[in-house]
2 protein chains.
Amino acid sequence: MSTNKGCILWFTGLSGAGKSTLAEFVAPLLRDFGLKVEVLDGDEVRENLSKGLGFSKEDRDTNIRRIGFVANLLARNGVIAITAAISPYRPIRDEIRSKSQAPFVEIFVNAPLAVVEERDTKGLYRKARAGVLKQFTGVSDPYEEPLHPEVTVFTDREDIEESAAKVIAYLESQGLVPKGSAAKVRG
Amino acid sequence: MSTNKGCILWFTGLSGAGKSTLAEFVAPLLRDFGLKVEVLDGDEVRENLSKGLGFSKEDRDTNIRRIGFVANLLARNGVIAITAAISPYRPIRDEIRSKSQAPFVEIFVNAPLAVVEERDTKGLYRKARAGVLKQFTGVSDPYEEPLHPEVTVFTDREDIEESAAKVIAYLESQGLVPKGSAAKVRG
C-alpha cells in the first residue's frame, strides 16, 4: 500500500541513446519502493495505439500525442508513467507537458550522435545513411533538444546506475518517491 | 486512501441505448466510495487515440482494441476503467476480456432498436435510414449481443438509479467495491 503520487517520466533522446534501457532499469527500482509504474515503450505503443502511422512529422506528432494522452490518464491516477519514445519535436513535448495533470519530468537522454551512430545497436543509422530509412531522427530529420529538462543524463560517460540515481534524486527532491530512495540506488 | 482493485466496466449496446449516460452516472458514485475511476468515452477516445479511423469493421476493431489496451493499463494499476463505446462485435469484446489483467465486467445496456430509434437523441438513426450514415450499428451494420454479460440493464424500463444499482451490486458481489455500496445507491 502506498500513497502514490503519479507523474510522467518522459525520456527523450536519439535512437540508441539508451532511453528504453534506462527506463527499464529505473522502473523496477521504483516498483521496489512500492510505487505503481508503467513503461510505455515507443515500439509497444506504436503496435497498440498507432499502427498505420508512419514517420512523417504529422504522424510522429500524432503518435507522441497518443502516448501523452495515455501517460496522463495513468499519472493522474497515481501511476508513474514512463515513456521512452524519441519524441524529437520540442513543441509537442511542451504541449504534453502543458496538458499533463500530474508532474511532468522531462529526462533528456543525451548522447552525441557520433556515439550512438557508432554503436548503432539496431543497425538503423547505417540504413538511414544509406537512404533505406527515410526521415530518420538525427540523420535526415531533426532532433530538437530540450531547453529546460528536469534531468539530463549522459549515457556516453555515466554508468546506468549513475544516470538512474540522477532521475531518482530528482523525484525525491519533488516528493515523488519516498525519502532516502536515491541513497538506496547509489548503494 | 483506498486499496483499489482495478477492473474494467465495459458498457456495450446500441447507439442511444444509454451507455454514456449510465457510465457518467455510475462514475461519481464509485468516486464517492473513494475509488479511482476513469471514463473512456467512445467519442473522446476516437478524438485522442483513433483520429483518422472510420467505421469499417476493421477500423472499428482497431478502435475498440485501443480502448481495451488503455483500459487494461488503467485497470491493472487499480483504476476502475469505464468504457462506453458501442463495441458491436462479440469476438473483439471477448478478445479484450481474455487479455484483461484485471476483472472484466461486461455490462449489456439493452434497449430495443425500436426504442432507441424512436428516441434518436442525436438524429443519427434518421441519417442512417436515409443512407447518409453508412455502416450504422443496428441499421446497416450488426450489433452482436453479449451471450454471458456480467450485468444486463434495460434502459427502456428501468430508471437510471435501478440500472446503476445493478452494476454496483455486481461489483460488490465480486469485492470490487466496499460492502454496503449497493445499498447506498438504492438509498
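So, how was this worked out
Residues numbered from 1 in each chain as written. Chains lettered and ligands numbered in written order. Predicted model: local features only at pLDDT ≥ 70, side-chain atom pairs only at ≥ 80, totals over all residues. Contact = placed C-beta atoms within 7 Å. Helix = DSSP H or I, 4+ residues; strand = E, 2+ residues; numbered from the N terminus. Nonpolar A, V, L, I, M, F, W, Y, C, P; charged D, E, K, R; others polar. Least-squares fit on C-alpha atoms with pLDDT ≥ 70 in both. Pairing = 2+ DSSP bridges. Axes fitted to C-alpha atoms, helices over the stretch in contact; angles between N-to-C directions. Buried ≥ 20, exposed ≤ 12 C-beta atoms within 10 Å, placed from the backbone. Arc of directions from axis to C-beta.

(A) Highlighting the interface of chain B and chain A. Taken together, the contacts link 14 residues of chain B with 14 residues of chain A. At the level of elements, helix H2 (42-49) and helix H3 (57-75) of chain B are the ones that each hand at least two residues to the side of chain B that touches chain A. Residue contributions to the side of chain B that touches chain A peak at five residues, all from H3(B). Residues that form the side of chain B that touches chain A fall into these classes: seven nonpolar, four polar and three charged.

(B) Summary view of the relation of the copies chain B and chain A. Placing chain B over chain A gives an RMSD of 0.0 Å and needs a rotation angle of 180 degrees, together with 0.0 Å of translation along the axis. The symmetry that links the two subunits is that of a two-fold axis. A symmetric contact is evident, with 100% of the interface residues of chain B recurring at the interface of chain A.

(C) A look at the sheet that holds strand S4 (residues 104-110) of chain B. All names here are of chain B. If you walk across this open sheet you meet the five strands as S2-S3-S1-S4-S5, and the pairing is parallel. Looking at the sheet topology across the chains shown, the edges are occupied by strand S2 (37-41) and strand S5 (151-154). Looking at each pair of strands side by side, their axes are set apart by 20 degrees on average, direction ignored. As defined by bridge partners, S4 adjoins S5 across four bridges and the pair is classed as parallel. Its bridge partner being in S5, Ile 107 is matched across the sheet by Val 151. Against the sheet, H2 contacts S2 and strand S3 (80-84), and its axis sits at roughly 75 degrees relative to S2.

(D) Helix H4 (residues 90-99) of chain A, seen in detail. Residue and element names in this part refer to chain A. Considered for burial, the residues of H4 that qualify are Ile 92, Arg 93 and Ile 96. Angular distribution of buried residues about the axis of H4 spans 100 degrees; they occupy a single face of the element. Opposite its buried face, H4 presents the exposed residues Pro 91 and Ser 98, each directed more than 90 degrees away. The secondary structure elements touched by the buried residues of H4 are strand S1 (7-12), helix H3 (57-75) and strand S4 (104-110).

The quantities given are spatial measurements derived from coordinates; they are silent on function.
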